[in-house]
Amino acid sequence: MSGEDGGGSGGPPRGRRASFAERKERRAAVDDPAVVLEAAARFLEPRARSVTEVRRRLAGAGYQSALVEGAITRMLELGMLDDEAFARAWVESRDRARPRGERAIRQELGLKGVDRPTIDLVLGERREAAAGMPSEDGEMAITPDQAAAERLLARNARSLARVADPRQRRQRAYALLARNGFDPEVCRTVAVLVDTEAIDGALLEGDD
């Protein structure tokens, strides 16, 4: 069979949509590498993916393992798959749109199948990029996590500003940071800043 859907007597009765099991069975009979490569390309359309994500998707869909590996090899050759570029883009996206701690980012990338050396590389680049970056209180940010934590507080400025009691406000900030994967030291250091003049200004101008 050269196509994903096949046809003939192996298909479902006319008028009935094929079940997932039936579609998977037909995909297992596919012997055309181009069909599997096309399926992999469609999976990449919404966003970049790791090699492991693509492998899991194609294997879970039922395609033969040899064709799955062949498609992955071809996509690596074409530059359509690149775990280092994927991990770097993931870190940049997190820091830009949804600041999270290194611990959380490391876990996310691990779950997506990125190997530890690649994760270490991109997080090392993150630390280097943050060197010399000023923090909200005008001091130098010690770690990229501190800079990211301050951005997260600024993004949640309005909700924090509604907490009138300073102690509860710090507790709320600490909890927010902890939920987003920042280690206890960063949580303590940055949560204290919600009572400083610099953070107060950010809180008054924050978006959410």
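Quick note: structure is the one above.
A few points on the structure. As the structure is a computational prediction, the values presented were derived from the model and not from experiment.

Any empty space left between the atoms is revealed when a probe the size of a water molecule rolls over them. Volume-wise, the largest pocket comes out at about 220 Å³. As for the largest pocket, its lining consists of 13 residues, and the residues nearest its centre are V91, D95, E125, R126 and A129. When residues in the lining of the largest pocket are grouped by element, the largest group, 5 residues, is from helix α7 (residues 116-130). Class assignment of the residues belonging to the lining of the largest pocket gives a composition of 7 nonpolar, no polar and 6 charged.

Let's shift gears to the packing of helix α8 (residues 144-155) against helix α11 (residues 184-191). Helix packing for two helices is described by the angle between their axes and how far apart those axes are. Two elements in contact, α8 and α11, have axes whose closest approach is 10 Å; the angle formed by their N-to-C orientations is 50°. By the criterion of interaxial angle, the relationship of α8 to α11 is oblique. Remark: the crossing between α8 and α11 carries right-handed chirality. Contacts from D145, Q146, A149, E150 and L153 in α8 reach V186, T189 and V190 in α11. Across the contact of α8 with α11, the residue classes break down as 4 nonpolar, 2 polar and 2 charged.

All right, on to the pattern of salt bridges then. Applying the stated criterion across every chain, the model contains 16 salt bridges. A salt bridge links E125 to R88; the nearest nitrogen and oxygen atoms lie 2.8 Å apart. Taken as a pair, E125 in helix α7 and R88 in helix α5 (residues 83-97) lie far apart in primary sequence, 37 residues in all. Residue classification places E125 among the partly exposed residues on the basis of a relative accessible area of 30%. For D95, the salt bridge is made with R151, and the minimal N-O distance between the two is 3.8 Å.

Cut-offs applied
Residues numbered from 1 in each chain as written. Predicted model: local features only at pLDDT ≥ 70, side-chain atom pairs only at ≥ 80, totals over all residues. Heavy atoms only, no water. 1 Å grid on protein atoms, 1.4 Å probe; cavity = no way out; pocket = protein on both sides within 12 Å on 5 of 7 lines; lining within 4 Å. Points joined across faces, edges and corners; volume = space filled by probe spheres on them. Helix = DSSP H or I, 4+ residues; strand = E, 2+ residues; numbered from the N terminus. Nonpolar A, V, L, I, M, F, W, Y, C, P; charged D, E, K, R; others polar. Axes fitted to C-alpha atoms, helices over the stretch in contact; angles between N-to-C directions. Parallel < 35°, antiparallel > 145°, perpendicular 65-115°, else oblique. Left-handed = near helix turned anticlockwise from the far one by under 90°. Contact = heavy atoms within 4.5 Å. Salt bridge = Lys/Arg side-chain N within 4 Å of Asp/Glu carboxyl O. Buried < 20%, exposed > 50% of the residue type's maximum accessible area, 1.4 Å probe, protein only.

Worth remembering: the numbers are spatial, not functional.
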